[in-house]
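# An overview of the molecular structure
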There are 2 protein chains.
Amino acid sequence: MLHVIPLGGLGEIGLNAMVVACRGEILLIDCGLMFPPAGHLGVDIVVPDFAHLRKNAALVQGILLTHGHEDHIGALPFLLSEVPVPVYGTRFTLGMVRHRLNELGVEADLREIEPRHPFRLGQHFTVEASRVTHTVPDAVGYILRTPEGTLIHTGDFKLDPDPIDGLRTDLERWGELGDEGVLCLLSDSTNSERTHETGSEREVERTFERLFQDVKGRIVVGMFASHLHRVRHVLELARKLERSVVLMGRSMARNIEMARELGYLPGISDSHFVPVEHAALLPPERTLVLATGSQAEPRAGLSQLASGEGSLRLGPGDLVVLSARAIPGNERAVSALIDQFLWRGVRVVYPETEPGVHVSGHASQPQQRRVLDLVRPRNFVPIHGELHHLHRHLATAKEAGLAPEQLLLAQDGDLLLFEEGRGRFAGSVPAGRVYRDRFGQGVVTQDILQERTRLAETGLIVAAIVIDRSSLQLMSGPQLTGQGLNLDEQALLPRVAQDAREFFLEMSRELRGDDARVREELVKGVRRAFRLHSAKRPVVVPMVLKV
Amino acid sequence: MLHVIPLGGLGEIGLNAMVVACRGEILLIDCGLMFPPAGHLGVDIVVPDFAHLRKNAALVQGILLTHGHEDHIGALPFLLSEVPVPVYGTRFTLGMVRHRLNELGVEADLREIEPRHPFRLGQHFTVEASRVTHTVPDAVGYILRTPEGTLIHTGDFKLDPDPIDGLRTDLERWGELGDEGVLCLLSDSTNSERTHETGSEREVERTFERLFQDVKGRIVVGMFASHLHRVRHVLELARKLERSVVLMGRSMARNIEMARELGYLPGISDSHFVPVEHAALLPPERTLVLATGSQAEPRAGLSQLASGEGSLRLGPGDLVVLSARAIPGNERAVSALIDQFLWRGVRVVYPETEPGVHVSGHASQPQQRRVLDLVRPRNFVPIHGELHHLHRHLATAKEAGLAPEQLLLAQDGDLLLFEEGRGRFAGSVPAGRVYRDRFGQGVVTQDILQERTRLAETGLIVAAIVIDRSSLQLMSGPQLTGQGLNLDEQALLPRVAQDAREFFLEMSRELRGDDARVREELVKGVRRAFRLHSAKRPVVVPMVLKV
């Protein structure tokens, strides 16, 4: 009997965490976070609810990581502090993890593994990493051999015939396993709605070469710091064009430093970089800026350059390349960023006008189909996507000839049970999203989010009164203060205070003795008075002080 | 001497308002609003800053409307209440305006005009509306003949060879004027980055026919209520399929009612509709729901259906068609809406998986080029778009052979001056965005928005104390209450109150006599105490009461 339980990533992009359990032993594949939507109300990261693992902590044998991106490793510090188990990953992935854990002062038992080197984990699992191409070095999927059969988890993958590091997705291995028989394939669904083949990263390389050729001024490339394959070819191109590289963005500098330490950026030395403070002194045609902030994050490199406030001022003759798609929710901010550069006379190219400046790191429909045809699994679970992505991937599997009973559309918290070669739904475990603020400590609940939303939409009025402890007479107030009110509403406050005062004076002595009732009545009085003058309903915070 | 001054719509999508002034006479073309981004913090609509028109109110001869969409007419009530001038528009457009003004109780002098019927306005303008195809009946552009030459303002347009109402964009008329000589073309840039031709609305008609054919359950079409051409063909299709139509969404019902009154929905009678309360009683295969909420607006028709809370419950066998693109910023919410339907087993089709369910209402690059080739203006001003859209439209004009000095990239507030056939920048006027809440009254300033953002991101702490008026002794407090704090922070409050109390007790008698200083010190004390325990900095609201 084998259980597969997604704790995250099946119903959203990010938050990837997949439990596999067999005969009292648990493995977790990935432990990722997700970023909250714009207008995040003080929530900075979202992590999976790990209640199920906390409850079964003693059974967890280890965590297997597919690659070093935040949506696959970002929740590790939170889980490890409660469930300290060994973490397995390839060299580069563990490099990323080590950095992250060091920052937060979390200890961990990190164990390096290599593709095509199977190892035993617990009594019942044999684990083998299998090489996949993604946007970061050393990405893998996992092959899990269990008493019930073999699982293939693809991780995030693309099929690039000519990847930057020469390391292609190991389709051969998956094909071999397909011939042996695979109990279940769990495959990346991110691009399941895209019908055209995801292109090779070489396309971006060629586009950059063409674009950069005739630039007389500065070249700025804005992209994710985590896309280390692209970072590598930009650095190599800069060297070829004899441009010194300026790094903007903490994560960009950190990732490049780490990649260099681990030997993933051969031929790149200190002499290729100049600090941003010196960049303004260099001839523009000798400079290339590699910046974070492709999603228009307010304090990132690109936003700084667009604002024109830093030492490096861009203008006509300079080129900015936005080498990323806007993530859903960020489009408006990214548009505004582009407009800021245009306003300064800077030439800007971005995927809408120059599709070759970005290709995806995920296989699309026809490529997902190819994997399905190769593996011919007995059961199929689409992973990594919102429900509609999973849904479409399932349709592709159907087109590939899988029968309805082989298709398992699971979501976070679903418990899938495999026995005798068949998978079925057999209940659920607690799963969900835990909101945390940027300091990684405070948990923000749905109620708090709602409270914040109301504060932000309507503003609030604080109403304070002082009551004599013995006589229960009103000694002072109500005194009103507004926060976030519009101009008309602020002007209303003195009148509202007067009305609320009268409302309070009408309260019986009996009522005044009960603090909770006084607060309640104070809120009522202010609301009623406010409603006389405005259609809006701000939050009212009552303060009752006694002397 | 002729002035062209965009007050809105050149630098954003929406907010369209264009001043044309000649020899002391002013016309305004369109008077639109825009909707704020998601996470709007209590801002419901954005209107242009009309300071320039208020200042020159006596000179304004009238407002010319291109069509009845909110981004072209939505700011009228605000302008008319301060600058009451005649409003010119076609029949359907004025119908939309009348509804909107009646709701708000604003009076206006509405004057109906027709395409190809020029009329005099003021001493110096001859105005002629010219038919364009858009997504709403009776859309026009304007031809303004002035002593300095002829202007063509396209309004929002597309080139549809076979529009639903048979009324094509009057390219012939623009061509005639091109032959005569046009001083300046102002042309819609919305789709300037799209390189494929915008398709005909007939494509959507055909897609719907194909999709609806075999549906055994309910059919739901989610779309903008303002897209009246599409509303019309959905109603006709429902009639053909013998399905009764259920309307969900106030604007949908209102627009259809008005269109019927004005005779724009021939053949559609009361008998084709059933109220939503009765819809659950009808056989599913006899029902078609036309719903608002294609942008996943929380209270709109589609969101109600997706939540499953209303009387109409969808499930397997039913079809939901999302017949609109997600507007930038809404993608994440729209994705979640799709997932909600899928979760109920409902089949959902949307543009990503079925491109034919939506076509745009705006001409794309090759079609914009066709208009440029036809008109061959002496000057060209791209309008209606963010800066990057305008920029790309300008590039198209360059490709069409216009010389750099003929290309005018104007933004909101720029004053363009035309004399002797040439246009140039000659200063600017006040322009900007005014934020208003849903009640249309309160103005929300940038400062207030920032205050609300801080409230929403960090939450706040109210700190109240009571001081004896004569002795200046602390009588009570500080009493602290939090709003929007996370759980850890809430738990800190008692300790913070204690620390802040000690801080206050250390204050000199002299300081305590100064209310402003007391408040300041109270904030400082709470902040300092809070910082001892947390890295976050909530807003602190001080309340000092005296007895």
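What you see is a predicted model, and the numbers here were worked out from it, not measured in a lab.

Here we take up the UniProt feature "active site" (unreviewed entry) in chain A. Residue and element names in this part refer to chain A. Residues given the UniProt feature "active site" (unreviewed entry) here are Asp 188 and His 362. Despite a sequence span of 175 residues, these residues sit close together in the fold, their greatest C-alpha distance being 7.7 Å. Following the sequence through the fold, Asp 188 ends up in strand S12 (residues 184–188). Apart from the residues lying within four places of it in its own chain, the contact partners of Asp 188 are Thr 154, Gly 155, Asp 156, Phe 157, His 362, Gln 368, Ile 383, His 384 and His 393.

Residue and element names in this part refer to chain B. Of all the positions in helix H5 (residues 171–180), only Arg 173, Trp 174, Gly 175, Leu 177 and Gly 178 are classed as buried. Turning to H5, the residues buried within the fold contact strand S9 (125–131), strand S10 (140–146), strand S11 (149–153) and helix H12 (365–375). Once H5 finishes, Gly 181 follows within two positions and takes phi at roughly 110°, a positive value.

Moving on, we come to the relation of the copies chain A and chain B. Once chain A has been moved 0.0 Å along the axis and rotated by 180°, it coincides with chain B to within an RMSD of 0.1 Å. One copy is carried onto the other by what is essentially a two-fold rotation axis. Both copies present the same face, since 99% of the interface residues in chain A are matched by interface residues at the equivalent positions in chain B.

The next point concerns the packing of aromatic side chains. Residues and elements named next belong to chain B. Per the counting criterion, the structure on display carries eight aromatic pairs over all chains. Their ring planes at 25° and their centres at 5.2 Å tell us that Tyr 88 and Phe 119 sit as a pair that is stacked. Highlighted residues: Tyr 88 in strand S6 (residues 87–89) and Phe 119 in strand S8 (residues 119–121), separated in sequence by 31 residues. When its relative accessible area of 6% is taken as the criterion, Tyr 88 is described as buried. When the centroid spacing of 4.8 Å and the interplanar angle of 65° are considered together, the rings of Phe 92 and Tyr 264 count as edge-to-face. You can see Phe 92 sitting in helix H4 (residues 91–104) and its partner Tyr 264 sitting in the loop between helix H8 (250–261) and helix H9 (276–279), a full 172 residues away along the chain. Here the two residues Phe 92 and Tyr 264 agree in accessibility, since each one is buried.

Residues and elements named next belong to chain A. When the domains of chain A are assigned, the result is domain 1 (2–196 + 360–443), domain 2 (201–357) and domain 3 (458–546). With 19 residues of domain 1 at the contact, the number on the domain 2 side is 17 residues. In total, domain 1 and domain 2 occlude about 1,900 Å² of area from one another, counting both sides; carbon and sulfur atoms represent 57% of this. For the domain 1 face of the interface with domain 2, the top three residues by lost area are Phe 92, His 99 and Ile 164, together amounting to 35%. Put simply, domain 1 and domain 2 have three salt bridges between them. Of the charged contacts in the structure, one is a salt bridge between Arg 250 and Glu 103, with a shortest N-O distance of 4.0 Å. Across the domain 1-domain 2 interface, the total number found is 11 residue pairs in polar contact (both at pLDDT 80 or more). Among the residues making up the side of domain 1 that touches domain 2, the classes are represented as seven nonpolar, five polar and seven charged.

Before going further, it helps to examine the nonpolar core. Of all hydrophobic cores here, the largest spans 87 residues; its most connected members are Ile63(A), Phe212(A) and Leu290(A). Tallying contributions element by element places helix H7 (residues 228–240) of chain A first for this core, with six residues. Two domains share this core, each providing at least three of its residues, namely domain 1 (2–196 + 360–443) and domain 2 (201–357) of chain A. Those residues in contact with Ile63(A) that lie beyond four places of it in its chain are Leu28(A), Asp30(A), Cys31(A), Leu76(A), Leu79(A), Leu80(A), Val85(A), Pro86(A), Val87(A) and Tyr88(A). Residues Leu28(B), Phe92(B), Val136(B) and Leu290(B) belong to the second largest nonpolar core, which totals 86 residues.

Below, the discussion takes up the side chain of Gln365(B). Residues and elements named next belong to chain B. Looking at the element boundaries, Gln 365 is found in helix H12. On the basis of relative accessible area, Gln 365 is assigned to the buried category, the value being 12%. A polar contact is formed between the side chain of Gln 365 and the side chain of Arg 392, at a distance of 3.3 Å. Sequence-distant contacts of Gln 365, that is, excluding residues within four places in its chain, are made with Asn 191, Ser 192, Glu 193, Arg 194, Thr 195, Arg 392 and Thr 396.

Right, let's get into the sheet that holds strand S25 (residues 539–546) of chain A. All names here are of chain A. Here we have three strands laid out as an open sheet, ordered S24-S23-S25, and mixed in their pairing. Both edges of this open sheet fall to strand S24 (474–483) and S25, since each of them pairs with a single strand only. Each adjacent strand pair in this sheet contributes to an overall mean axis angle of 15°, direction not counted. With eight bridges connecting them, strand S23 (residues 460–467) and S25 associate as parallel partners.

Let us look at the packing of helix H15 (residues 487–505) of chain B against helix H17 (residues 515–531) of chain B. Packed helices, taken two at a time, are described by the angle between their axes plus the distance between the axes. All names here are of chain B. Orientation of H15 relative to H17, taken along the N-to-C sense of each, is 130°, at an axis distance of 8 Å. Comparing the axis directions of H15 and H17 gives the class oblique. Both H15 and H17 take part in a crossing whose hand is right-handed. Residue-level inspection shows Glu 489, Leu 492, Val 496, Asp 499, Ala 500, Phe 503 and Phe 504 of H15 in contact with H17, the latter providing Val 518, Glu 521, Lys 524, Gly 525, Val 526, Arg 528, Ala 529 and Phe 530. Of the residues in the contact of H15 with H17, the class split is nine nonpolar, one polar and five charged.

What follows deals with a positive patch on the surface. All names here are of chain A. Together, Arg 454, Arg 527, Arg 528, Arg 531 and Arg 537 line one region of the surface with positive charge. Sorting elements by how many residues they give to the positive patch places helix H17 (residues 515–531) first, with three residues. Examined against the element boundaries, Arg 527 turns out to sit in helix H17. Taking relative accessible area as the criterion, Arg 527 reaches 33% and is therefore assigned partly exposed.

For the structure shown, the criterion picks out zero disulfides over all chains. Cys184(B) supplies the cysteine sulfur nearest to Cys22(B), a cysteine that is in no disulfide, at a spacing of 14 Å.

With that out of the way, let us pick up the interface of chain A and chain B. Taken together, the contacts link 67 residues of chain A with 66 residues of chain B. Here chain A meets chain B over a buried area of about 5,700 Å², counting both sides, of which 60% is carbon and sulfur. Inspection of the chain A/chain B interface yields zero salt bridges. Between chain A and chain B we count 22 residue pairs in polar contact (both at pLDDT 80 or more) in total. If you list the elements that add at least two residues to the side of chain A that touches chain B, you get helix H11 (331–343), helix H13 (387–399), strand S22 (443–444), helix H14 (446–458), S23, S24, helix H15 (487–505) and S25 of chain A.

Below, the discussion takes up the packing of H11(A) against helix H13 (residues 387–399) of chain B. In the contact formed by H11(A) and H13(B), the axes pass within 8 Å of each other and the chain directions differ by 55°. Classified by the interaxial angle, the pair formed by H11(A) and H13(B) is oblique. Two secondary-structure elements touch here, H11(A) through Ser335(A), Ile338(A), Asp339(A), Leu342(A) and Trp343(A) and H13(B) through Leu387(B), His388(B) and His391(B). Looking at the contact of H11(A) with H13(B), its residues break down into four nonpolar, three polar and one charged.

Here we take up the confidence of the model for chain A. Per-residue confidence for chain A averages 92 on the pLDDT scale, and 99% of its residues sit at or above 70. Predicted complex, confidence summary: ipTM 0.84, pTM 0.88.

So, how was this worked out
- Note that residues are indexed from 1 along each chain, following the sequence as it is written.
- Here the convention is simple: chains get letters from A, ligands get numbers from 1, in the order in which they are written.
- Totals for whole chains, interfaces and linings use every residue, but because this is a predicted model, local features are given only for residues with pLDDT of at least 70 and side-chain atom pairs only at 80 or more, for both listing and counting.
- Hydrogens and waters are ignored; side-chain quantities use all the structure's heavy atoms.
- UniProt positions are given in the numbering used here, feature names are shortened, and annotations may be inferred rather than shown by experiment.
- Here a helix means four or more residues in a row that DSSP labels H or I, a strand means two or more in a row labelled E, and each is numbered from the N terminus.
- Pairs of residues are marked as contacts when any of their non-hydrogen atoms sit within 4.5 Å.
- Relative accessibility under 20% of the residue-type maximum defines a buried residue, over 50% an exposed one, and the middle range a partly exposed one, all with a 1.4 Å probe and only protein chains included.
- When the copies are overlaid, the least-squares fit takes in C-alpha atoms only where the residue has pLDDT of at least 70 in both copies.
- Two aromatic rings from Phe, Tyr or Trp, using only the six-membered ring of Trp, form a pair when their centres are within 6.5 Å; if the ring planes differ by under 30 degrees the pair is stacked, by over 60 it is edge-to-face, and anything between is tilted.
- Residue ranges for the domains originate in an automatic or database domain assignment.
- A quick way to say it: buried area is the sum, across both parts, of accessible area lost when two parts are put together, with a 1.4 Å probe.
- Each reported salt bridge corresponds to a side-chain nitrogen of Lys or Arg within 4 Å of a carboxyl oxygen of Asp or Glu.
- N or O atoms within 3.5 Å of each other form a polar contact, as long as, within protein, one can give a hydrogen and the other can take it, and as long as residues adjacent in sequence are counted only when both atoms are side-chain atoms.
- Residue type decides the class: Asp, Glu, Lys and Arg count as charged, Ala, Val, Leu, Ile, Met, Phe, Trp, Tyr, Cys and Pro as nonpolar, and the leftover types, Gly among them, as polar.
- For our purposes a nonpolar core is just a set of buried Ala, Val, Leu, Ile, Met, Phe, Trp, Tyr and Cys residues, chained together by side-chain atoms within 4.5 Å.
- For two strands to be treated as a pair, DSSP must find no fewer than two bridges joining them.
- Every angle, taken between N-to-C directions, lies between 0 and 180 degrees, and every axis is a line fitted to C-alpha atoms, over only the stretch in contact when it is a helix.
- Comment on the angle field: the value is read as roughly parallel under 35 degrees, roughly antiparallel over 145, roughly perpendicular from 65 to 115, and oblique elsewhere.
- A crossing counts as left-handed when the near helix is turned anticlockwise from the far one by less than a right angle, and as right-handed when that turn is clockwise.
- Patch criteria: residues need more than 30% relative accessible area and no salt bridge. Like-charged residues are merged within 9 Å; nonpolar side chains of Val, Leu, Ile, Met, Phe, Trp and Tyr are merged within 5 Å.
- Here the accessible surface of atoms and residues is derived via Shrake-Rupley with a 1.4 Å probe, and residues count as covered only by protein chains that are part of the display.
- Positive charges come from Lys and Arg, negative ones from Asp and Glu, while His and the chain ends are left out of the count.
- By convention, charge coordinates are those of NZ in Lys, CZ in Arg, CG in Asp, or CD in Glu.
- To count as a disulfide, a pair of cysteine sulfur atoms needs to be within 2.5 Å.
- The pLDDT value tells you how sure the predictor is about a given residue, anywhere from 0 up to 100.

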